[in-house]
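# Tertiary structure, described
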Amino acid sequence: MLTILGFCMIVTFLVLVITKRLSVVVAFIFTAIAFGLIGGFASEMGDMMVAGILKVAPTAVMIVFAILYFGLMIDVGLFQPMIGKILSYVKGDPLKVVMATAIITVLVGLDGDGSSTFMISVSAMLPLYLKLGMNRLVLACVVGLGAGVMNMIPWGGPLVRAAASLQVEVSDLFIPLIPVMICGLLWTLFSAYILGKKERERLGVSMLETNLPPGMSEQAAAVETGSGKQAKLFWFNWLLTILLMVMLVMEVLPIQVLFASAFAVALFVNFPNPKEQQERLLSHANSFVLICTLIFAAGIFTGVFTETKMMDSMAATIVTVIPDWLGAHLPLVVALTSLPMGFIFSPDAYYFGILPIISETASNFGIAPAEIGRAALLGHSTTGFPLSPLVPATFILIGLVGVDFSDHQKFLFKWAFGTTIVMTIAAIAFGVIPL
C-alpha cells in the first residue's frame, strides 16, 4: 500500500510540475498534504512536515548568506578590474577572446545565479564577437560550459536541491567535488582553446583596440594605482574572499557560519552606514527568497515522503528488480543518465521527484546518498543546465547571444557531454563516486 501511495505521490508531483498546472512550491505543499491525508497520517503530518523543514533549514541559511556575500562583492566591483584587464589584453585575437570568455564566465559564475552569469558574461563579450565577425554559437557554447561547471557551487541551485532532497550536508556533496570541478574547468578552458583556435584560423588576428564596458577601466585604474578608498577596499574584499574560500575547503567552521560571518564583515567595512546596509540587503532579497521558499516547501514534501516510510517501501520494491551487478554501479549509471534526464525532467522534478527514490534504492546496495547526489550533479548540473529546454536561463542565454535554440543545442552538445565524461572519470579517479 505504501509503495503504491508513494509512486502516486511522485507521479502526481511530476505531472503538476511538468504540465505547469501549479508552481513548484504550491505543488510540493499541496501534494504533501493530500497524500498525507490519503495515507491516514493526519494526526502525525504536522510533526513530519516540521521534521522535514528542520533538516533543510541549514541549507536555506547557507543559501541566504552566500547569495548576499557574492552579490555584495559584485556590487562593490570586486571582479571588474580583473575583467577589465582581461578585455584590454585580448584586443583583436579570436583565440584570446574565446579564452577570455571562459575565464570571465567562471569569475562571474561565483555568484551562483545562472541568469546573471549569462547576462554579465554575454554583455561583456558580445560586442567583441560582433566586431571581429566571430561565430556567436562559440560565445553561447563557452559561456554555457563555464556556467555549467560553476553551477555546482554550494550556493547554486542544483547542489542545493540535491542536498535538500537527499537531506545531506552541503559540504558532504561539495568538498569532495572540488578536484572534479577543477577538472571540469580545465576541460572548459581546453574546449575554449580549440574553438578559439578554429576562429583564429578562420578570421585571422585584427588590430582592434578594446573598449572596456563603462566603469571597468576606471575601477581597474584605481586598483592599479593603489590610491583612494576604492583600491584599499578592493584588496580587502579580495583577501576576505580568498580567506573565505580557504576556510570553506578546510571546513574550519560550518559553511553557514562562514558565509554569515564573511558577509557581516564585508557589509560593515564596505557600507558602514546602517541605511546603506539595509539597502544592500533589500537589493538582493529577490535572489534568495524564491530559492529558500522552494527549499522549505521541499522540506515539507520530503518530510511527509520519508517519515511515512513511502520512500523506504518504494526502494525496497525497486531493489527486487535491479540485478546485484547493476546495483553496485548505480552512481556511474546516475552520472551518465543525468544528462538525458535533463531533457525530460526540470531540475525540481529531477532532484525532488526522481533522485530520492534512486538514492534510497542505492542505499540497499551500500551506496551513500551523498555519492548519488554527487553523481547526479556531474551531468544534470553541468551539461543539462545550458542545454535543457526546461531551464528558463537557457533561453536568456540564446536570447542575449541571438542564436537559434536548436543550433545552440547541436553545437554545444558534444562539448557539454565531454564535460560530463571528463568529470565522471575524475570523480571515479578521486574516489568521489564508486565505480
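Residues numbered from 1 in each chain as written. Predicted model: local features only at pLDDT ≥ 70, side-chain atom pairs only at ≥ 80, totals over all residues. Heavy atoms only, no water.

- For the chain, the name recorded in an unreviewed UniProt entry is Citrate transporter, with Peribacillus simplex as its organism.
- What UniProt records for the chain under Subcellular location (unreviewed entry) is the sentence "Membrane". (UniProt positions renumbered as here; feature names shortened; annotations may be inferred.)

### Side note on a nonpolar patch on the surface
- Side chains of Ile242, Val246, Met250, Val252, Leu253 and Val257 sit close together on the surface and give an oily, nonpolar patch of about 500 Å² of accessible area.
- In terms of residue count, helix H11 (residues 228-250) provides more of the nonpolar patch than any other element does, 3 residues in total.
- One can find leucine 253 in the loop between H11 and helix H12 (255-270). (Patch = residues over 30% accessible without salt bridge, like charges linked within 9 Å, V, L, I, M, F, W, Y side chains within 5 Å. Areas by Shrake-Rupley, 256 points an atom, 1.4 Å probe, with all protein chains shown as cover. Salt bridge = Lys/Arg side-chain N within 4 Å of Asp/Glu carboxyl O. Helix = DSSP H or I, 4+ residues; strand = E, 2+ residues; numbered from the N terminus.)

### Notes on the environment of phenylalanine 417
- Assignment of secondary structure puts phenylalanine 417 in helix H22 (residues 405-429).
- Taking the relative accessible area as the measure of exposure, phenylalanine 417 reaches 27% and is therefore partly exposed.
- Expressed as a C-alpha distance, the spacing of phenylalanine 417 and leucine 145, which sit 272 residues apart in the sequence, is 9.8 Å. (Buried < 20%, exposed > 50% of the residue type's maximum accessible area, 1.4 Å probe, protein only.)

### A word on the pattern of salt bridges
- Taken as a whole and assessed by the stated rule, the structure comprises 4 salt bridges.
- We note a salt bridge from aspartate 75 to arginine 280, for which the minimum N-O separation is 2.8 Å. Taken together, the residues span a long stretch of sequence, with aspartate 75 in helix H3 (residues 45-75) and arginine 280 in helix H13 (residues 274-283) at a distance of 205 residues.
- With a shortest N-O distance of 2.7 Å, arginine 200 and aspartate 93 are connected by a salt bridge. Here arginine 200, found in helix H9 (residues 170-203), pairs with aspartate 93, found in the loop between helix H4 (80-90) and helix H5 (94-108); they are 107 residues apart in sequence, far enough to count as distant.
- Judged by its relative accessible area of 6%, aspartate 93 is buried.

### Regarding the layout of surface pockets
- Taken as a whole, the second largest pocket spans an internal volume of roughly 380 Å³.
- Taken together, 14 residues line the second largest pocket, and the ones lying closest to its centre are Leu110, Met150, Met181, Leu185 and Met245.
- Counting only elements with at least two residues in the lining of the second largest pocket, the list comes to H5, H9 and H11.
- No other element matches the 5 residues that H9 contributes to the lining of the second largest pocket.
- Split into classes, the residues belonging to the lining of the second largest pocket amount to 14 nonpolar, no polar and no charged. (1 Å grid on protein atoms, 1.4 Å probe; cavity = no way out; pocket = protein on both sides within 12 Å on 5 of 7 lines; lining within 4 Å. Points joined across faces, edges and corners; volume = space filled by probe spheres on them. Nonpolar A, V, L, I, M, F, W, Y, C, P; charged D, E, K, R; others polar.)

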